[in-house]
Amino acid sequence: MSRVYNFSAGPAVLPEEVLKEAADEMLDYKGTGMSVMEMSHRSKAYDTIIKEAEADLREIMNIPDNYKVLFLQGGASQQFAMIPMNLMKNKVADYIVTGQWAKKAFQEASIYGKANKIASSEDETFSYIPDCSDLPVSEDADYVYICENNTIYGTKFHTLPNTKGKTLVSDVSSCFLSEPVDVTKYGIIYGGVQKNIGPAGVVIVIIREDLITEDTLPGTPTMLKYKTHADNDSLYNTPPAYGIYICGKVFKWIKKQGGLEAMKEHNEKKAAILYNFLDESKLFKGTVRKEDRSLMNVPFVTGDAELDAKFVKEAKEAGFENLKGHRTVGGMRASIYNAMPIEGVEKLVEFMKKFEAENC
Ligand SMILES: *Cc1c(COP(=O)(O)O)cnc(C)c1O
């Protein structure tokens, strides 16, 4: 068996330990004689799996009791509609557009009410985070929306926006559990898990209880009401059961690593190795304003599209997979999520140095 260093933006690398454990339990989960994939979601064994997953996530993120944790389906993109359908009581919401994902969420919200773009960094191809200390937040906004880590462009909000008392809703798909967060600052924190936590198909929504109401937009499907899932502990219908089981294992892995403080330290160390090299390289350079850099997604270019393509090809041959930048940006992107080992980044930088010497 040989595993590559997988720099994919998502679905992405998972801890090897977790994959091995899942493999060991594949045919017979803890004496049940069946795989978790084959198990009733109403069974005792599965009840323990989902309850433990929630309890571990609550512990890791220090989630207060007045927040619900929901394990849903439809990916992060389903939330682009679910959020306005459930939260737009005044039919007004403010969006800070710092990349394609925030833009998609903004466009989706416009279907349901008045979505205002109160700040954007599109003028410089989303290479920075705008100053959000004094934005024209709408008087009657039901919420202010951000995408906290911009997977495609490699920027991150290191300071949350001043929402002037309005509920903050944040898409954390690509920085989920990468560092400590203060949950109380948010109305909703949500993310697709396939970037940093588990298999695609699960989206986790952490939502303050007062935002869960019957009062949704007319026509909101039962499955798209937070209340439906909150009232049924994420078991209204069959949940993405196997995916949640893997998420639960990753939560335990994070606890074993020392929790989110330790994750942050580990992620800062990894990112510094790559950014420090980019800052001194004669060939490669980062594309993002330094103070807004993401710890998770690191885009870079040589400035020459042909050379970029050559790099991606040779890197792949050397065992570094998925370094091609997003199709809308070009260049390269190394996603270095929680499960990327430090030696993966060290070896990548070694390879980049070699490529630079050969091509400069
Ligand atoms: C990947 C991603 C999405 C989309 O996730 P899906 O699960 O494919 O819908 C949304 N937001 C961010 C920040 C992402 O990285």
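This is a predicted model, so every value here is computed, not measured. In this numbering scheme, every chain counts its residues from 1 along its sequence in written order. The predicted origin of the model limits local features to residues at a pLDDT of at least 70 and limits the giving and counting of side-chain atom pairs to 80 or more, whereas totals for whole chains, interfaces and linings rest on all residues. The side-chain quantities take in all heavy atoms of the structure and omit both hydrogens and water.

Colleague: Describe the pairing of strand β8 (residues 168-171), naming the residues involved and giving the relevant values.
Modeller: Side chains L168 and S170 of β8 all project onto a buried face; the interleaved residues V169 and D171 project onto the opposite face, where all are buried too. Two strands are counted as paired when DSSP detects at least two bridges linking them. Secondary structure is summarised from DSSP: a helix means a run of H or I of at least four residues, a strand means a run of E of at least two, and numbering begins at the N terminus for each. When strand β5 (residues 144-147) meets β8, the two strands line up parallel, connected through 4 bridges. Bridge pairing links V144 to L168 in β8. Relative to strand β9 (residues 188-192), β8 runs parallel, the two sharing 3 bridges. Residue pairing in the sheet places V169 in a bridge with I188 of β9. Burial classes follow relative accessibility: with a 1.4 Å probe on protein chains only, a residue under 20% of its type's maximum area counts as buried, one over 50% as exposed, and anything between as partly exposed.

Colleague: Let's hear about helix α4 (residues 100-112): which residues, and what values?
Modeller: Spanning 13 residues, α4 covers 19 Å between terminal C-alpha atoms, matching the ideal 18 Å at 1.5 Å per step. Residues of α4 that are buried: A102, A105, F106, A109 and Y112. For α4, the angular spread of the buried residues around the axis is 110°, confining them to a single face. We call two residues in contact when some of their heavy atoms are within 4.5 Å. Buried residues along α4 sit against α3 (75-87), β3 (92-97), β4 (114-120) and β5. To estimate how far a helix should extend, the number of its residues minus one is multiplied by 1.5 Å. By definition, the arc is the one covered by directions from the helix axis to the C-beta atoms.

Colleague: So what's going on with the packing of helix α6 (residues 241-257) against helix α7 (residues 259-280)? Residues and values would help.
Modeller: To obtain each axis, a line is fitted to C-alpha atoms, and for helices this fit is confined to the stretch in contact; angles are then taken between N-to-C directions over 0 to 180 degrees. The N-to-C vectors of α6 and α7 enclose an angle of 80°; their axes lie 7 Å apart at closest approach. Between α6 and α7, the crossing angle belongs to the class labelled roughly perpendicular. Contacts between α6 and α7 involve W253, I254, K255 and Q257 from the former and G259, L260, A262 and M263 from the latter. Three categories are distinguished: nonpolar for Ala, Val, Leu, Ile, Met, Phe, Trp, Tyr, Cys and Pro, charged for Asp, Glu, Lys and Arg, and polar for the others, with Gly belonging to the last. Tallied by class, the residues present in the contact of α6 with α7 amount to 5 nonpolar, 2 polar and 1 charged. Every angle not falling under 35 degrees, over 145, or within 65 to 115 is termed oblique; those three ranges are roughly parallel, roughly antiparallel and roughly perpendicular.

Colleague: Explain the side chain of S138 to me, using residue names and the numbers behind them.
Modeller: Positionally, S138 belongs in the loop between β4 and β5. Among residues more than four places away in sequence, those in contact with S138 are V92, D94, N116 and K166.

Colleague: Would you mind going over the site of the ligand in detail, with residue names and values included?
Modeller: Taken together, G75, A76, S77, F80, W101, C147, N149, T151, D171, S173, Q194 and K195 make up all the residues around the ligand. Within 3.5 Å is the distance limit for a polar contact, defined as a pair of N or O atoms, with the added protein rule that one can donate a hydrogen and the other accept it, and that residues adjacent in sequence qualify only through two side-chain atoms. Between A76 and the ligand, the recorded distance is 3.0 Å, taken from a backbone N or O atom to an oxygen atom. Residue S77 places a side-chain N or O atom 2.6 Å away from an oxygen atom belonging to the ligand. Here the accessible surface of atoms and residues is derived via Shrake-Rupley with a 1.4 Å probe, and residues count as covered only by protein chains that are part of the display. Relative to its unbound accessible area of 390 Å², the ligand is 86% covered by the protein chains. Class assignment of the residues belonging to the shell around the ligand gives a composition of 4 nonpolar, 6 polar and 2 charged. Put simply, a residue is near a molecule or strand once any heavy atom of it comes within 4 Å of that molecule or strand.

Colleague: Explain the environment of C132 residue by residue, including any values.
Modeller: Among the structural elements, C132 can be located in the loop between β4 and β5. For the pair C132 and S120, spaced 12 residues apart in the sequence, the C-alpha separation amounts to 9.9 Å. The residues contacting C132, other than those within four sequence positions of it, are I96, F157, P161 and N162.

Colleague: Before we move on, can you summarise the pattern of salt bridges with the specific residues and values?
Modeller: Any carboxyl oxygen of Asp or Glu that lies within 4 Å of a side-chain nitrogen of Lys or Arg is treated as forming a salt bridge with it. Going through the model one piece at a time under the given rule, you end up with 27 salt bridges. Of the charged contacts in the structure, one is a salt bridge between K313 and E317, with a shortest N-O distance of 3.3 Å. Of this pair, K313 and E317 both sit in helix α8 (residues 305-317), 4 residues apart, roughly one helical turn. Overall, the relative accessible area of 59% leaves E317 in the exposed class. E321 serves as the salt-bridge partner of K316, at 3.0 Å between the closest nitrogen and oxygen. Of the residues examined, K316 reaches a relative accessible area of 48% and is grouped as partly exposed. Taken together, the salt bridges that share partners define one network made up of E52, D56, E59, K252 and K255.

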